[in-house]
Amino acid sequence: MTVEYPDNPGGWARRAVDRWLGLAPAEREAQLVRWLQNYDEAASWGDEPYRWILDSLPPGAALADAQSALAEVIGAVLARHPDVEPLSAHREQLLYNLLQLAAAIHRPGRLWPPLLEMLNRRKLGGDFFGSDLLVSLRAALIGNQGDDQLKELWLRMGRKQEDFLPGTPVHGYYGVLMLPPANEEPSPVVAESLALAAKDLKSDRNRRPRFMELVRSLQTAFPRDNIQWDRDLIFMADAAGWPRWACSCVNMFPRFTDRSDVGMPAPVAQAIRSAFGVQIDQELWSGCLARMTLRGEALVYYERVRDEFTGNLARMQKQTEYRSDHAWVGLFDMTFKRSLNPQWSVRPSQIESSASFPCPTLRPLNLGYSPADQFTH
Amino acid sequence: MFQIFGRAYPGVHPLAHALRALLERHAGNGNEDATVAFNIVDDHRVPPSREDLLLNSLGAPIGGATLKQGFTDFFKSNIRGSRTPDFILAVNAPNRVPIRSGFEGDGLQPGLSLVRLLNLTGLERVYRNYALPASEEFHGLVNPTVDFTVWLRDKCQAGDAELEQFITATLSMLNTDRKKHAYQPVWATLWDEFKPYLDHPDGATRWRQALGLKPDSHPCWYAVLKYPVGEVGDLFRPTQLDADWSGYHHPSPAGVPVWRGGCTMDCRGESDRPLSEYVHQQIDHKPEHWTLAGGRVKLALMEDPLGFQALRRRHHDLLVDHFGEAARRWRL
């Protein structure tokens, strides 16, 4: 089949890459090594050659075939130990583009062994115009993990104890996120790596949106129903001891097994216990969240508080740029206090009769607050 | 105001007359034409650029019958028989499902598994094309008078070793054939979601129903294939345009993120949640894609307990239950 290419730079690039795919393996390798040093068709583009190649790959299933072909050649070049053996005049440029290209394609079957060998040699160093080559190696390793050998390395990165590969706890988390799924599940250490990332974000003024991004990347990587993710995130937070401010980053009104088996922030649980006499089934996340079995008016009250807060939160996030966890706490306090007000249309009668009912705010989120105080009314 | 593809139009849309005719003539009587018309009205996932391709292909004026024929012709030329089906092109960018890499950014974990049902019965023409006297597995079909149904049954009911050989040869045949003949798209779901159905007592009948595959006129042999997301190249959320004129497709609700794909319509109406559905082009399959799925080949019957209209309604109720009132539609 004859392919027609547009007569423009994009079309020329596509034609060059398609011709490359038709070459014999040895010729492919030689050509790729030249391209990655900005020679021949890859020369004089605004982007680095690896970007030029990625943008020129065909779409659809042909992309998978092209990625496999690229992985073969990248694997062959890596096997020649370009970190220690000079393969070309422009070592740094070749290594940078080679590793960046490897990071963009997922072919652990071909790339994992040579990348791991490069890591274990610990000889890679230097930079390409300010870009640390070890950062590119980290990205290539993250994207091509064939087993969980690097699990401990990512956790060390999370604890800021990794002494060779550079990276923040967030990078460590991305490494964990790309560990091979076990039975279609994320690695068991993902909860811990999120806890480490959250700890690192503690003094970041944008910690809430940034942590929410991390949570979202987990949900996107492993698609599940929202209900299931809401529940699983609470269990992760509980098991790994996420900081309390992270409450503002997840759904604090999760459903566990069915409509009546629900979770809620501690103050709501206290209110329901006082007003309806329902016991708390389980305290989770150091007492930030309580799990209860609710029916009748207690369930109605719970659902109205939940819906009111969820609606307010959505409006706040839509209308204002201010998205801090302090804003979240303030909004929760306001919604919760309103739910205790006699004027609140859905306030159940039992709460009115509870004269000595306390009005707890969401103190559990404030650092330094003792969880022991939360359920002692 | 009449909506098409989930969008309101200020004037008269070129499809409005034809769709209205189909809806008024057939609404409420379980007619597939009407349900596809509903889907066209509702399918917000079809981007304006793909709508333009459809309208250009249909021409004008468009009546109800013309629409159905034109839609099917469009599907054949732009999807089924195309080496570059519309869904992989830039015009379908909003439906492209991101896949994670070593860089930052959202996307499906490439190590997650997809699953598809390979309809062996539907491959009769391909098997016969590759039935050469020297072919170890397919030479039995060299004689065109050989009953394909009996031949396939014998193959599928052979012992484990023979069956593995047959499936290996079948996958190799398809890997060769896909480079000569386009046949798009492949429909897939997530292995994790499909797994509970694998050992259902009704076997492949339940597999087909769970994936919402339109019943054929005769029983079909299905093989289960499991393969990583990272091996498909590009992955997409399907639209009605990728499903031909089929009422067994149902648009997924607005607001469901693209990486969740579409929603399968359970032909049995018993699922407590819809499965995610994705489309991609035909890819090379390895024998381990079959063995990793448990080496399963089974015969599916085409009888569904619910009528077409009842299962559409049940599916709609499931979507509302699952995704909330925003998923409720003005009509089925």
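Residues numbered from 1 in each chain as written. Chains lettered and ligands numbered in written order. Predicted model: local features only at pLDDT ≥ 70, side-chain atom pairs only at ≥ 80, totals over all residues.

Enquirer: Break down the overall build of chain A for me, with residues and values.
Expert: The helix and strand tally for chain A stands at 16 helices and 5 strands. Here chain A holds 377 residues, and the buried ones make up 42% of them. Within chain A, contacts between residues separated by at least 24 positions form 66% of all contacts whose residues are at least 6 apart in sequence. (Helix = DSSP H or I, 4+ residues; strand = E, 2+ residues; numbered from the N terminus. Buried ≥ 20, exposed ≤ 12 C-beta atoms within 10 Å, placed from the backbone. Contact = placed C-beta atoms within 7 Å.)

Enquirer: So, the pairing of strand β4 (residues 113-119) of chain B: which residues are in play, and what are the values?
Expert: Residues and elements named next belong to chain B. β4 sits mainly inside the fold: 6 of its 7 residues count as buried. Alignment of β4 against strand β6 (residues 220-228), held across 7 bridges, turns out to be antiparallel. Bridge pairing in β6 places V115 opposite K226. Of the strand pairs in this sheet, β4 and strand β5 (residues 186-190) are connected by 2 bridges, and their pairing is antiparallel. What sits directly across from V115, in β5, is T189. (Pairing = 2+ DSSP bridges.)

Enquirer: Report on the interface of chain A and chain B, specifying residues and quantitative values.
Expert: On the chain B side, the residues contacting the 27 residues of chain A number 32 residues. Every element with two or more residues in the side of chain A that touches chain B is listed here: α4 (61-78), α5 (91-104), α7 (133-143) and α11 (207-221) of chain A. Residues of the side of chain A that touches chain B, tallied by class, amount to 18 nonpolar, 6 polar and 3 charged. (Nonpolar A, V, L, I, M, F, W, Y, C, P; charged D, E, K, R; others polar.)

Enquirer: Report on the packing of helix α8 (residues 151-158) of chain A against helix α9 (residues 169-177) of chain A, specifying residues and quantitative values.
Expert: When two helices pack together, their arrangement is captured by the angle between the axes and the distance separating the axes. Residue and element names in this part refer to chain A. In contact at an axis separation of 7 Å, α8 and α9 are set at 160 degrees when each is read in the N-to-C sense. The pairing of α8 with α9 is recorded here as roughly antiparallel in orientation. Regarding α8 and α9, the two cross each other, and that crossing is left-handed. Contacts between α8 and α9 involve W154, L155, M157 and G158 from the former and P169, H171, G172, Y173, G175 and V176 from the latter. Of the residues assigned to the contact of α8 with α9, the class counts are 6 nonpolar, 4 polar and no charged. (Axes fitted to C-alpha atoms, helices over the stretch in contact; angles between N-to-C directions. Parallel < 35°, antiparallel > 145°, perpendicular 65-115°, else oblique. Left-handed = near helix turned anticlockwise from the far one by under 90°.)

Enquirer: How would you sum up the environment of P61 of chain B? Please name residues and give values.
Expert: All names here are of chain B. Mapped onto the elements of the fold, P61 is located in the loop between α3 (48-58) and α4 (64-80). By C-beta crowding, P61 is classed as exposed, having 9 other C-beta atoms within 10 Å. For the pair formed by P61 and P14, sequence separation is 47 residues and the distance between their alpha carbons is 7.4 Å.

Enquirer: Lay out the environment of S131 of chain A with the relevant residues and their values.
Expert: Residue and element names in this part refer to chain A. Here S131 lies in strand β2 (residues 131-132). Each C-alpha atom, one on S131 and one on Q93, is 10.0 Å from the other, the two residues being 38 residues apart in sequence. Setting aside residues no more than four positions away along its own chain, S131 makes contact with Y96 and S136.

Enquirer: Describe in detail the sheet that holds strand β3 (residues 261-265) of chain A, supporting the description with residues and values.
Expert: Residue and element names in this part refer to chain A. In space, the 3 strands of this open sheet follow the order β3-β5-β4, with antiparallel pairing throughout. Looking at the sheet topology across the chains shown, the edges are occupied by β3 and β4 (280-284). With direction set aside, neighbouring strand axes in the sheet form an average angle of 25 degrees. As judged from the 4 bridges shared by β4 and strand β5 (residues 289-293), these two strands associate in the antiparallel manner. Across the sheet, residue L284 finds its bridge partner in β5, namely L289.

Enquirer: Describe the packing of helix α13 (residues 266-276) of chain A against helix α14 (residues 296-319) of chain A, naming the residues involved and giving the relevant values.
Expert: Residue and element names in this part refer to chain A. Two elements in contact, α13 and α14, have axes whose closest approach is 11 Å; the angle formed by their N-to-C orientations is 155 degrees. With respect to α14, the axis of α13 lies roughly antiparallel. The interaxial crossing formed by α13 with α14 has right-handed handedness. Across the interface between the two elements, V268, I272 and F276 from α13 touch E297, A298, Y301, Y302 and V305 from α14. The residue makeup of the contact of α13 with α14, split by class, is 7 nonpolar, no polar and 1 charged.

Enquirer: So what's going on with the domain arrangement of chain B? Which residues, and what values?
Expert: Residues and elements named next belong to chain B. Per the domain assignment, the segments making up chain B are domain 1 (3-94) and domain 2 (100-327). The straight-line distance from the C-alpha centre of domain 1 to that of domain 2 is 24 Å. Every contact between the two is made by 29 residues of domain 1 and, on the other side, 26 residues of domain 2. Those elements that provide at least two residues to the side of domain 1 that touches domain 2 are α2 (32-42), α3 and α4. Across the side of domain 1 that touches domain 2, the residue classes tally to 11 nonpolar, 9 polar and 9 charged. (Domains from an automatic or database assignment.)

Enquirer: Account for unusual backbone geometry, naming residues and giving values.
Expert: Most peptide bonds take the trans form, and the phi angle of most residues other than glycine is negative. Of note, the bond from Q184 of chain B into P185 of chain B is cis; its omega dihedral lies within 30 degrees of zero at -10 degrees. Counting through the fold element by element, P185 of chain B comes out in the loop between α7 (160-177) and β5. Backbone geometry places F129 of chain A, a non-glycine residue, at a positive phi of 45 degrees. By the element assignment, F129 of chain A lies in the loop between β1 (127-128) and β2. You will see that E184 of chain A, though not glycine, has its phi angle at about 70 degrees, which is positive.

Enquirer: Provide a residue-level description of α2 of chain B, including the pertinent values.
Expert: When you tally the buried positions in α2 of chain B, you get 9 out of 11 residues, the bulk of the element. Along α2 of chain B, the residues classified as buried are A34, T35, V36, A37, F38, N39, I40, V41 and D42 of chain B.

Enquirer: Residues and numbers for the nonpolar core, please.
Expert: I74, L99, A102, L194 and I272 of chain A together with Y222 of chain B are the most contacted members of the largest nonpolar core, which totals 177 residues. Top contributing element to this core by residue count: α4 of chain A, with 10 residues. Summarising the domain contributions, this core has at least three residues from each of domain 1 (3-94) and domain 2 (100-327) of chain B. If sequence neighbours within four positions are ignored, L99 of chain A has contacts with L133, S136, L137, A139 and A140 of chain A. Counting residues in hydrophobic clusters, the runner-up holds 6 residues, among them C263, L319, F323 and A327 of chain B. (Core = buried A, V, L, I, M, F, W, Y, C linked by C-beta atoms within 7 Å.)

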